Amino acid sequence: MIWNLAIRNLRAHKVQTFVVGSIVFFGTLISVIGAAFLDSVSLAIRKSITQSIAGDIQIYSSKKDVQFSVFGNSQGGDFPDIGQIENFPEVKRAILENIPNVKEVVPQGINFALLNPNTTLDRLLTDLRNHPETNALVQADTKEHVRTLAQRLGATYEKNALGFLKVTPEELITTRAALARATSNPFWDQFDSNRNDSLEFLENKIAPLESNDAMSYFFYVGTTPETMMRAFPLIEMVQGQPIPPGQKGFLFNEFVYEKTIKHKIAVRLDAIEKKLHTDHITISESKELQQKIQENVNQAPEFASEISPRVSRELASNLQNFLSIASGTTAELLPQFFKMNDANFATRKAYFYKTIAPHIVLYRMKVGDVFPLTAVSRSGSPNSVNVKLYGIFRFKGIENSPVSGYFSILDILTFRQLYGHMTPDRKAETQALEAEMDGALSAFDASNASDLFNQNIAVTSNTEGTNSSSNSSSNSSSNKDSNANPRSNEAQTRAKKSMNTKDVDTKNYTTQEMENGVTPNAAIILSNPNKLDETLRNIRKLFADKNWMLKAAPWIEVSGVLGQAAFVIKSILLLFMTIVYFIGIFIVANAVLMTTLQRTKEIGIMRAIGGHRSFIRKLILSEVFLMSTIFGALGVSAGLAIVTWLGVKGIPSPNENLEFLFSGPRLYLSVSASNLAISYGVAVLVCLGASLYPIRKAVKIQPITAMRAD
Amino acid sequence: MALINFENVYKSYRLDKVDVPALRGVSMAVENGEFLAVAGPSGSGKTTLLNLIGCVDVATSGELKISGENTSHLTDKQLTNLRLNKIGFIFQSFNLIPVLNIFDNVEFPLLLQKTLSRKERVERVRHYVEKVGLLEYIQHRPSELSGGQRQRVAIARALVTLPSLVLADEPTANLDSENAQNIIHLMRELNRNEGTTFVFSTHDHRILTEAKRIVTLEDGRITSDEKR
Ligand SMILES: Nc1ncnc2c1ncn2[C@@H]1O[C@H](COP(=O)(O)OP(=O)(O)OP(=O)(O)O)[C@@H](O)[C@H]1O
Ligand SMILES: [Mg+2]
């Protein structure tokens, strides 16, 4: 009866029904989509964080009171000393045995690394030293190449020595003499008769003069590589092979490899193409792209010097043909070549990779290479160890995201060598690098932190392309004490020397040896990630029972701002929904009040012939309930339809940095049944809540006043 | 004990800061089973009197007792129960629920009472709709009916709960003489057979001649009270 009357009333008051109905419809629609978005982003963030590095739970020592974040703390890239897990093998065994939901316990140590790869001169001298038997033509070409480079160095040295280098007069004299010797005919005529001395002279006196503006910075996870790769399903090899079990070694993240190991000119060309392709802009309308082109043009002379004289000569005619220019050497033509525009970009880029790139070192490091990895030890001093690059991997789906993209993988033994205890004299010895590293780190910190949601993480924020500084190898912090230069130069030289010797540990280590040692933290992977809280409690209980000074933190607590991103998005959405609902309540309350007042007479009649206040209350509630359930159901269905559609199509990530939050280039929406129910329930409750005020008004209507209201 | 007992009842309405007196000291008693007409010129206070008896309005001063209960001491819920179960009210203006058809309108108080089964309700409703001669309109909406027809629906609705007291404010004002006659006969019959007490206001001589007692109001005062 009440329902019958309610339905008739709704039909009779179509406008109000429509108003309330649309509010409910759009309210539920928005809340379903909002909830789906929130759910999906939360899931995606969780996936990006837990399946790349952090795992579901991180454990680490509770002795130090530091905020640990696997992605570096809020300043970015800063990894405070978090101590170590005492007796990791025992901890691992206890967790795996006692807590059934734990699938893997992966030992980890996260640190910041610096890579100082060979300059062209280094490479040529290494060639000469290691391959004296190569054919005469190549030998001669290499020697000529070294000689031209020495000439180039001489020119820049003269410029800089009088400028910012502030060399002593004695230094100036010896260096000038050395440069003169390295470019003189007699030296080269007698090169082979005294090969060793000649090479040593070049290595010690000339090579250090060359600037190394190719310093790279990145993070790595020291771990037992096979467990790590098994436990983190997003890791996918793209080149080479995983580090063989028991071996020391290194795996580059494709992201950092492509961005910082690849030749800068090529990186810029790649970046331009990507922008042209994804952002659909032209070079002529983008300042950013024009800037990149200009940087390539600026770097062209240096680039030309990397090509051997013989190849340069051969390339010249080819370039002349390609550019339709009658004359000019390669060095003269390259700046013109790199001055690309929208019309010729595609063909020139293809030409670059096909014809020019094979003659230069496109990647300063290749799979199979052994290279010195420099990192900051626990005590804060830099430390270098040779490692073998076994392969390149990526985090599948989030390969374009700088957040995880800067993390490479290192065996935990090497990690310990780099990170572990320092002997006092080793410490003193490496003090030299410290100033440089400090500068590098602070420069990185500043750029990294602010760039998380910015386009480019300026990891190599150095003097790229300008080629003006022969010695400020690390970065752009120009106000740095210039006295640091000679010292850092020494450190560089030492690092290079160690590289040249290529001594790398190829011993096979047992799992026990790998796990027994300094392990700062460990990632725990769960069989059922939904039981995170329960498992976390169990682990904490285990630690307490065993009296271990260990902390177990859920992924969200060890992912710094990223974990909070989910929370921030949630809060914003919640706030938005609250506003939507408040507006909804207001409109619904008014619409219901309007219908109620229009029906004053009718309500008065019902009261006069014996309708109780409760009857009037129930009647209005039924009407509102009917409206909200019917239109709410429509809204939920429409929302579900849209979410399903977006679940198939995906929302494209607006930029690379968001790909981490989207866990891929597109966010695929999905919505849980519970969220549908909640959206529906909230909409109905909001409407019923909104009708309380009109109901209060309605039950106060007296029969007598109603009877007079004609 | 009298069914209705007025004891120096005053009722005034406030209109634009001025008190408009509608009843000025009414005292009278109505016994069970009476068939009483309230007469008087327009504005004399007839509707006001019925509204007070019908518990849709309260006296400004004085005492009004129904079945010995002082209505000013009753809660809203108790008053509503009185209206629902004891009293049938036929208002001067028609007062049907516009979204319900005739059947539903007449059934409405029975549904509020929740005492009858569906079958009993249907029988009862049809019976009274037939008595007021509107069976063929039973599925119609009030808006499709004439003023007189609506008045008859209101009468059927007032009688359908078998109230012990029926109040009717000018029940025949909109009716032609044949229908008026029918209604009066129906009321007389109920009064005789069921002992239902009737209090109605009217100018209509056709009813006045049927009345057992006529109370005349003038300017909110009883000027005559004659039994016949
Ligand atoms: N709600 C009200 N507000 C102000 N004055 C009122 C109100 N109700 C009634 N009155 C006044 O009280 C007096 C009595 O009114 P009442 O309706 O009882 O007269 P009546 O005898 O029923 O007249 P009629 O025969 O025209 O129906 C009149 O002067 C009227 O104007
Ligand atoms: Mg009247």
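Nothing here was measured: the structure is a model prediction, and the numbers come from that model.

Once that is clear, we can look at the overall build of chain A. Along chain A, the regular secondary structure elements total 28 helices and 12 strands. When the 710 residues of chain A are sorted by exposure, 55% land in the buried category. Taking as baseline every contact in chain A between residues at least 6 positions apart, the subset at least 24 positions apart corresponds to 79%. Accessible surface computed for chain A: about 30700 Å², of which carbon and sulfur atoms make up 58%.

Looking now at the sheet that holds strand β10 (residues 221-227) of chain B. All names here are of chain B. What the six strands build is an open sheet, ordered β6-β7-β8-β3-β9-β10; its pairing is mixed. Of all the strands in the sheet, just β6 (87-90) and β10 have a single pairing partner and so form its edges. The average angle at which neighbouring strand axes cross in this sheet is 15°, direction not considered. As paired strands, strand β3 (residues 35-39) and strand β9 (residues 213-218) are joined by four bridges and run parallel to one another. Bridge pairing in β9 places Val38 opposite Val215. With respect to the sheet, helix α1 (residues 46-53) is in contact with β3, β6, β7 (165-169), β8 (197-201) and β9, its orientation differing from that of β7 by roughly 155°. Across the sheet, helix α6 (residues 177-193) touches β3 and β8, and the angle it forms with β8 is around 150°.

Take the pattern of salt bridges next. Residue and element names in this part refer to chain A. Summed over all chains, the structure comprises 35 salt bridges over all chains. Measuring nitrogen to oxygen at the nearest pair gives 2.6 Å for the salt bridge that ties Glu104 to Arg230. Placement of the pair is Glu104 in strand β2 (residues 102-115) and Arg230 in helix α9 (residues 225-231), with a sequence separation of 126 residues. Given a relative accessible area of 52%, Arg230 falls into the exposed group. The partner of Asp270 in a salt bridge is Lys262, and the shortest N-O contact between them spans 2.5 Å. Asp270 gets classed as partly exposed once you look at its relative accessible area, which sits at 22%. A network of salt bridges, in which partner residues are shared, links Glu90, Arg93 and Glu97.

A word on the site of ligand 1. Taken together, 15 residues surround ligand 1, and among them Arg708(A), Ser42(B), Gly43(B), Thr47(B) and Thr48(B) come closest. At 3.0 Å, a backbone N or O of Gly45(B) approaches an oxygen atom of ligand 1. Lys46(B) places a polar side-chain atom, nitrogen or oxygen, 2.8 Å from an oxygen atom of ligand 1. Mapped by element, the contributors of at least two residues to the shell around ligand 1 are β1 (4-15) and α1 of chain B.

Residue and element names in this part refer to chain A. Within the largest apolar cluster, 134 residues are counted, with the highest numbers of intra-cluster contacts made by Ile59, Phe252 and Leu373. Counting residues per element, this core draws most heavily on helix α2 (residues 14-54), which supplies nine residues. Residue assignment places this core across two domains, with domain 1 (2-48 + 562-708) and domain 2 (263-362) each supplying three or more. Residues in contact with Ile59, not counting those within four places in the same chain, are Ile85, Val91, Ile95, Pro520, Asn521, Ala522, Ile524, Ile539, Phe543, Lys551 and Ala552.

Residues and elements named next belong to chain A. Where helix α3 (residues 88-98) contacts helix α21 (residues 532-546), the axes come no closer than 11 Å and their chain directions differ by 125°. One finds that α3 runs oblique with respect to α21. The hand of the α3/α21 crossing is right-handed. Here α3 contributes Glu90, Val91, Ala94, Ile95 and Asn98 to the contact with α21, which in turn contributes Leu542, Phe543 and Lys546.

For helix α24 (residues 613-649) of chain A, which comprises 37 residues, the first-to-last C-alpha distance of 53 Å matches the rise-based estimate of 54 Å (1.5 Å per residue) to within 8%. Looking at the residues trailing α24(A), positive phi occurs at Gly650(A), about 85°.

Let us now look at empty space enclosed by the protein. According to the stated counting rule, one finds four cavities of 30 Å³ or more in the structure shown. Forming the boundary of the largest cavity are 14 residues, of which Leu10(A), Thr595(A), Arg599(A), Glu623(A) and Met627(A) lie nearest the centre. The residue inventory of the lining of the largest cavity, partitioned by class, reads six nonpolar, six polar and two charged. Space inside the second largest cavity adds up to approximately 90 Å³. If you trace the second largest cavity, you find it lined by Ala608(A), Ile609(A), Arg83(B), Leu84(B), Ile87(B), Gly88(B), Phe89(B), Pro109(B), Arg157(B), Ala158(B) and Thr161(B).

On the chain A side, the residues contacting the 25 residues of chain B number 22 residues. Summed over both sides, the interface between chain B and chain A buries roughly 2200 Å², with carbon and sulfur atoms accounting for 65% of that surface. Linking chain B with chain A are three salt bridges, by the criterion used here. A salt bridge links Asp76(B) to Arg607(A), with the shortest nitrogen-to-oxygen separation between them at 2.7 Å. Between chain B and chain A we count six residue pairs in polar contact (both at pLDDT 80 or more) in total. Elements with a minimum of two residues in the side of chain B that touches chain A: α2 (76-85) and α3 (102-113) of chain B.

Considering all chains together, one arrives at 33 aromatic pairs over all chains under this definition. Taking 5.1 Å as the distance between ring centres and 65° as the angle between the ring planes, the aromatic pair formed by Phe35(B) and Phe200(B) counts as edge-to-face. With Phe35(B) in strand β3 and Phe200(B) in strand β8, the pair connects residues that are 165 residues apart, well separated along the chain. This pair shows no difference in class: Phe35(B) is buried, exactly as Phe200(B) is. Among the aromatic residues, ring-to-ring pairing joins Phe303(A), Phe322(A), Phe337(A), Phe338(A), Tyr351(A), Phe352(A) and Tyr353(A) into one connected group. Here Arg181(A) stacks its cationic end above the ring of Phe201(A), 4.3 Å away from the centre of that ring. One cation-aromatic arrangement involves Arg188(B) over Phe35(B); the distance from NZ or CZ to the ring centre is 5.2 Å.

Here the focus is a nonpolar patch on the surface. All names here are of chain A. A contiguous nonpolar patch, built from Trp3, Ile7 and Phe625 and spanning about 280 Å² of accessible area, is present on the exposed surface. Mapped onto the secondary structure, Phe625 falls in helix α24. Given the relative accessible area of 35%, Phe625 is considered partly exposed.

The pLDDT averaged across chain A works out to 81; a share of 85% of its residues lies at or above 70. A low-confidence stretch, residues 422-429 of chain A (pLDDT under 50), is modelled with 12 contacts involving residues beyond four sequence positions or located in other chains.

All names here are of chain B. When you line up the elements, Lys46 lands in helix α1. Here Pro41 takes part through its backbone oxygen, which lies 3.0 Å from a polar atom of the side chain of Lys46. Here Lys46 is in contact with Val38, Ala39, Gly40, Pro41, Glu170, Ser201, His203 and Leu217, once residues within four sequence places are set aside.

Residues and elements named next belong to chain B. One non-glycine residue, Ser67, lies in the positive phi region at around 50°. Looking at the element boundaries, Ser67 is found in the loop between β4 (61-66) and β5 (69-70). A positive phi is found at Lys114, a non-glycine position, where the angle reads about 55°. You can see Lys114 is positioned in the loop between α3 and α4 (118-131). Among the residues examined, Lys114 registers a relative accessible area of 67% and is labelled exposed.

Looking at chain B, the pLDDT average stands at 90 and 100% of residues meet or exceed 70. This prediction of the complex comes with two scores: 0.68 for pTM and 0.92 for ipTM.

Another point: the pairing of strand β1 (residues 57-61) of chain A. Residue and element names in this part refer to chain A. Taken across its five residues, β1 has five buried, putting it largely inside the fold. In the sheet, β1 pairs with strand β10 (residues 550-554) via five bridges, with the strands oriented antiparallel. In the sheet register, Ser61 faces β10, and the bridge partner there is Leu550. Pairing of β1 with strand β9 (residues 521-526) involves four bridges; the strand directions are antiparallel. Within the sheet, the bridge partner assigned to Ile57 lies in β9 and is Ile524.

This part takes up α3(B). Burial runs high along α3(B): 12 of the 12 residues are buried. Where α3(B) is concerned, the buried positions are Ile102(B), Phe103(B), Asp104(B), Asn105(B), Val106(B), Glu107(B), Phe108(B), Pro109(B), Leu110(B), Leu111(B), Leu112(B) and Gln113(B). Residues of α3(B) that are buried sit in contact with α1 (2-12), α23 (600-608) and α24 of chain A together with α2, α4 and α5 (147-159) of chain B. Residue Asn101(B) occupies the N-cap position of α3(B), its side-chain oxygen lying 3.2 Å from the main-chain nitrogen of Phe103(B). Of the residues flanking the end of α3(B), it is Lys114(B), one or two places downstream, whose phi is positive at about 55°.

Reading the values: the criteria
Residues numbered from 1 in each chain as written. Chains lettered and ligands numbered in written order. Predicted model: local features only at pLDDT ≥ 70, side-chain atom pairs only at ≥ 80, totals over all residues. Heavy atoms only, no water. Helix = DSSP H or I, 4+ residues; strand = E, 2+ residues; numbered from the N terminus. Buried < 20%, exposed > 50% of the residue type's maximum accessible area, 1.4 Å probe, protein only. Contact = heavy atoms within 4.5 Å. Areas by Shrake-Rupley, 256 points an atom, 1.4 Å probe, with all protein chains shown as cover. Pairing = 2+ DSSP bridges. Axes fitted to C-alpha atoms, helices over the stretch in contact; angles between N-to-C directions. Salt bridge = Lys/Arg side-chain N within 4 Å of Asp/Glu carboxyl O. Near = heavy atom within 4 Å. Polar contact = N/O pair within 3.5 Å; in protein donor to acceptor, adjacent residues only side chain to side chain. Core = buried A, V, L, I, M, F, W, Y, C linked by side-chain atoms within 4.5 Å. Domains from an automatic or database assignment. Parallel < 35°, antiparallel > 145°, perpendicular 65-115°, else oblique. Left-handed = near helix turned anticlockwise from the far one by under 90°. Expected span 1.5 Å × (residues − 1). 1 Å grid on protein atoms, 1.4 Å probe; cavity = no way out; pocket = protein on both sides within 12 Å on 5 of 7 lines; lining within 4 Å. Points joined across faces, edges and corners; volume = space filled by probe spheres on them. Nonpolar A, V, L, I, M, F, W, Y, C, P; charged D, E, K, R; others polar. Buried area = accessible area lost by both parts, 1.4 Å probe. Phe/Tyr/Trp six-rings, centres within 6.5 Å; stacked < 30°, edge-to-face > 60°. Lys NZ or Arg CZ within 6 Å of the ring centre and 35° of its normal. Patch = residues over 30% accessible without salt bridge, like charges linked within 9 Å, V, L, I, M, F, W, Y side chains within 5 Å. pLDDT = per-residue confidence, 0-100.

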